[in-house]
Amino acid sequence: FIKNHMKKSSYHINEIANWTETKEVQLPNVQRGFVWKASQIENLWDSILRGYPLGSFVLSNSEGKIEILDGQQRATAIALGFNKETLRNTPVKLFVDLFPPDSGDARKFIFRAITKSHPWGYARKENDKVLSSVEIRNAMEEFDLDSPLVQDLNSCYPYDAKWPIPLYMVLENRNDSVEKLVTRLESWEHW
């Protein structure tokens, strides 16, 4: 992995989140845009907090700049959790539901993503399923939406979440170590 001008052989999660801001690692023109589904983003964050390996990122040093050849979807999903400035207008917002998972739920923490096409989020129990039409109608009333396609996600949250908080608020102004975040979230589970 380390070659000639490569700066590092490993990165901390907050450094990966900063790639979009610092331009230390760039996306080559041949890479596609961000295409992950909300459930993939949520599942990645659950894996991060469980301490599961993220997999490798394939980086290349091309003409004096480091480019990400593989792992762009994971890197972007990580940056979304930190609500980086360059991603604030992205059509995805990430929350953590401080209410613990139901018994039988394999997840340790419930992460919730909302999108412009689903500003009320997806189902809490099965994060790859949409909400019922009744839940969507109730969410639209609660969020005071005239149209199901919103331009600003800042007035929305996962409708069937119990105690949702934007993930970046948990990460903000803190030591961004995963261990401290897990400890903090686990202590909130028992309120």
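It should be noted that the structure appears before, not after, this text.
The structure contained in this document is the topic of the report that follows. What you see is a predicted model, and the numbers here were worked out from it, not measured in a lab.

**Concerning the packing of aromatic side chains**
Per the counting criterion, the structure on display carries six aromatic pairs. Summarising the aromatic geometry, the rings of W45 and F82 are spaced 6.0 Å apart at their centres and angled 50 degrees between planes, so their arrangement reads as tilted. Pair noted here: W45 is in helix α2 (residues 38-50) and F82 is in helix α3 (residues 72-82), with a separation of 37 residues, a long-range link. Considered together, W45 and F82 belong to a single accessibility category, that of buried residues. Ring plane angle 85 degrees and centroid distance 5.2 Å describe the contact between F99 and W163, whose orientation is recorded as edge-to-face. Placement of the pair is F99 in the loop between β4 (92-97) and β5 (110-115) and W163 in the loop between α4 (133-143) and β6 (164-166), with a sequence separation of 64 residues. What links up through ring pairs into an aromatic cluster is the set Y11, W19 and F57.

**Some thoughts on the nonpolar core**
Counting 32 residues, the largest nonpolar core has W19, W45, L59, I78 and L167 as its most contacted members. Looking at this core, the elements that each hand over two or more residues are α1 (13-22), α2, β3 (65-70), α3, β4, β5 and α5 (167-171). Ranked by the residues each element gives to this core, the list is headed by α2, at six residues. Membership of the second largest hydrophobic core comes to 13 residues, among which are I114, A123, L145 and C156.

**What to know about the side chain of R124**
In this fold, R124 is placed in the loop between β5 and α4. At 2.4 Å, the side chain of R124 and the side chain of D97 are in polar contact. When sequence neighbours within four positions are dropped, the list of residues in contact with R124 reads D97, F99, P100, P101, D102, R107, I110, R112, D160 and K162.

**A short note on the pairing of β4**
With six of six residues buried, β4 is to be regarded as a mostly interior element. Residues V92, L94 and V96 of β4 are buried on one face, and the alternating residues K93, F95 and D97, pointing to the opposite face, are buried as well. When β4 meets β5, the two strands line up antiparallel, connected through six bridges. Within β5, the residue paired with V92 across the bridge is T115. Strand direction decides the pairing type here: β4 and β6, joined by three bridges, are antiparallel. From the neighbouring strand, D97 faces β6, where its bridge partner is P164.

The rules behind each value
- Residues numbered from 1 in each chain as written.
- Predicted model: local features only at pLDDT ≥ 70, side-chain atom pairs only at ≥ 80, totals over all residues.
- Heavy atoms only, no water.
- Phe/Tyr/Trp six-rings, centres within 6.5 Å; stacked < 30°, edge-to-face > 60°.
- Helix = DSSP H or I, 4+ residues; strand = E, 2+ residues; numbered from the N terminus.
- Buried < 20%, exposed > 50% of the residue type's maximum accessible area, 1.4 Å probe, protein only.
- Core = buried A, V, L, I, M, F, W, Y, C linked by side-chain atoms within 4.5 Å.
- Polar contact = N/O pair within 3.5 Å; in protein donor to acceptor, adjacent residues only side chain to side chain.
- Contact = heavy atoms within 4.5 Å.
- Pairing = 2+ DSSP bridges.

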